[in-house]
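So you can see what is in the structure, the chains are spelled out below.
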Amino acid sequence: MTVPTQSGRPTPQIIPRSEHNISRAHISKSALKVLYRLKDAGYQAFLVGGSVRDLLLEREPKDFDVATNALPEEVRALFGNCRLIGRRFRLAHVRFGREVIEVATFRGLGTEEEDSEGREVSAETGRLLRDNVYGGIEEDVWRRDFTANSLYYNIADFSIWDFTGGVADVQARRLRIIGEPEARFREDPVRMLRAARFAAKLDFEIDAGMAALIPGLAHLLDGVPTARLFDEFQKLFQGGHALEGYRQLRRHGLFRQLFPATAEWLGPGGDAREHFLEAALANTDARVADGRPVTPMFLLGVFLWGPVADRAAALAEGGMSDFQALALAAAELSRELAERIAVPKRFSIPMREMLQLQVRFDKTRGARALVFLQSERFRAAYDLLLLRAAAGNADKGLAEWWTRLQSLSPGEQRRELGLERAGEGKGSSRRRPGRRRPARSAPAAQGDQPLA
Ligand code: ATP
Ligand code: MG
């Protein structure tokens, strides 16, 4: 851990209540209870991290974290509804119904190695080590990532303690890392992804010096546990700022680190392929804005679709059936993805199915088409088909046909699929798309589309 003394102040600038806009009316009741009880017991108690930043920006914080000089056991003694988690560095979770307030004792400037799994056990036995696990606020602040995330709101007098110039950076909408950027990114490469995420979510500019370093350090993400990358993937793409998050990742050379096959397929971008991805991301953001659920499996599938379709096309050229080729390509690419991002099976399995099922849209007659229409996975596969069609990557007429099929009554559907005779001649099978097309990834010219 580098101690970034030159860049920061050893003592905070204290901004009194009269000079900032953070009002208790915007702090959760539960967080206030925790802060006041700690203060009344004689401890220091601060709101810290993202909540202070968001309140300064007049945004609604996602959660409220508290930092204190009370030791975890002391915190627990104050709250009935409290659980300690973590081993070496213990955190207190104080629960109020569904809301959990995380209370962390100020951390000291122990080395990162001391934090590693191996040392945790031995640390439990020794009081001595404990002494540099915890520290004062003036140590705690330097472990944080960005200046905007390093502000402390003091419940004792409602002032803000700013050691790093964070308030000015928030006001300038500037994302600046604390200390020496390269060392801080090497310490924890996930901070590069966090930079992209905060820039997207807060509409901040990444400090130029820091931005210049990121492409050259992006490879360090190779060494990050895959489970952590899945967590970050979710925060990046399910928080309502997926499109801008994606653009930040692309701009800073981070996207290829997470999705190398997709980056390869995209090339320099700016074309129909990129529009396909961007449309999916915009769609996800719109869902989040409407409070509708989003699943990681859909976007992961969208990211993999291009490379999967290309690989499937190559396999089919080697003589494999379209169906087998797509299944094999989907399996291979999701395995390759799993080497980087630990996607839980409950997402990766349906994702693969959604990709494989794209070939089923070509079959517009017969019982199998009906089974497909009625299957659990149809909806996601169909949503992907729509995106493909909009990007010129699938037959628009075919997508329209499937759209219309869903609006028909069960009897009409059976007739349309050729399972019953059209009888009275009211059948609409004229509008059936004419011929099968293999899955293909390159946006097709529209001219040859068999529009009915
Ligand atoms: P969000 O709004 O996404 O919750 P946040 O700033 O609260 O943003 P968290 O991931 O909840 O982010 O982390 C809380 C705080 O812990 C951060 O504000 C930052 O001070 C510190 N922190 C979190 N992750 C890191 C990291 N990888 N390196 C250094 N400090 C970190
Ligand atoms: Mg947070």
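To start, this report covers the structure provided alongside it. (Residues numbered from 1 in each chain as written. Chains lettered and ligands numbered in written order. Predicted model: local features only at pLDDT ≥ 70, side-chain atom pairs only at ≥ 80, totals over all residues. Heavy atoms only, no water.)

A few points about the environment of Leu387
- With respect to the helices, strands and loops of the structure, Leu387 is situated in helix α21 (residues 378-390).
- Taking the C-alpha atoms as reference points, Leu387 and His275, 112 residues apart in sequence, are found 9.7 Å from one another.
- Other than its neighbours up to four places away in sequence, Leu387 contacts Phe276, Ala279, Ala280, Phe298 and Val302. (Helix = DSSP H or I, 4+ residues; strand = E, 2+ residues; numbered from the N terminus. Contact = heavy atoms within 4.5 Å.)

Focus: the site of ligand 1
- In the vicinity of ligand 1 lie 17 residues, with Asp188, Arg191, Arg194, Arg197 and Lys201 positioned nearest.
- A distance of 3.0 Å is found between an oxygen atom of ligand 1 and a side-chain nitrogen or oxygen belonging to Arg144.
- Residue Asp145 places a main-chain N or O atom 3.2 Å away from a nitrogen atom belonging to ligand 1.
- Burial of ligand 1 by the protein chains amounts to 82% of its free accessible area of 580 Å².
- Of all the elements in the fold, those that place two or more residues in the shell around ligand 1 are α2 (50-56) and α10 (190-202).
- For the shell around ligand 1, the element with the most residues is α10, which contributes five residues.
- Considered class by class, the residues forming the shell around ligand 1 number one nonpolar, three polar and 13 charged. (Near = heavy atom within 4 Å. Polar contact = N/O pair within 3.5 Å; in protein donor to acceptor, adjacent residues only side chain to side chain. Areas by Shrake-Rupley, 256 points an atom, 1.4 Å probe, with all protein chains shown as cover. Nonpolar A, V, L, I, M, F, W, Y, C, P; charged D, E, K, R; others polar.)

Focus: the side chain of Thr147
- Assignment of secondary structure puts Thr147 in the loop between α7 (137-140) and β7 (152-154).
- Owing to a relative accessible area of 1%, Thr147 belongs among the buried residues under this scheme.
- Setting aside anything within four residues of it in sequence, one finds Thr147 in contact with Thr164, Gly166, Asp169, Arg176, Ile177 and Ile178. (Buried < 20%, exposed > 50% of the residue type's maximum accessible area, 1.4 Å probe, protein only.)

Brief notes about the packing of aromatic side chains
- One pass over the full model with this rule turns up 25 aromatic pairs.
- When the centroid spacing of 5.4 Å and the interplanar angle of 75° are considered together, the rings of Phe237 and Phe303 count as edge-to-face. One end of the pair, Phe237, is in helix α12 (residues 226-237); the other, Phe303, is in helix α17 (residues 296-317), and 66 residues separate them in sequence. With respect to burial, Phe237 and Phe303 carry one shared label: buried. (Phe/Tyr/Trp six-rings, centres within 6.5 Å; stacked < 30°, edge-to-face > 60°.)

A short note on the sheet that holds strand β8 (residues 159-162)
- The eight strands are arranged β1-β8-β7-β2-β3-β6-β5-β4 in an open sheet whose pairing can be described as mixed. Edge positions in the sheet fall to β1 (13-15) and β4 (82-85), since each has one partner strand and no second. Going across the sheet, the axis of each strand differs from the next one's by a mean of 30°, ignoring polarity.
- Sheet analysis places β7 next to β8, joined by three bridges and oriented antiparallel. Residue pairing for β8: Asn154 is matched across the bridge by Ser159. (Pairing = 2+ DSSP bridges. Axes fitted to C-alpha atoms, helices over the stretch in contact; angles between N-to-C directions.)

With respect to the pairing of strand β2 (residues 45-48)
- Of the two faces of β2, the one lined by Ala45 and Leu47 and the one lined by Phe46 and Val48 are each fully buried.
- Relative to β7, β2 runs antiparallel, the two being bridged by three bridges. In the strand pairing of β7, Val48 is matched with Tyr152.

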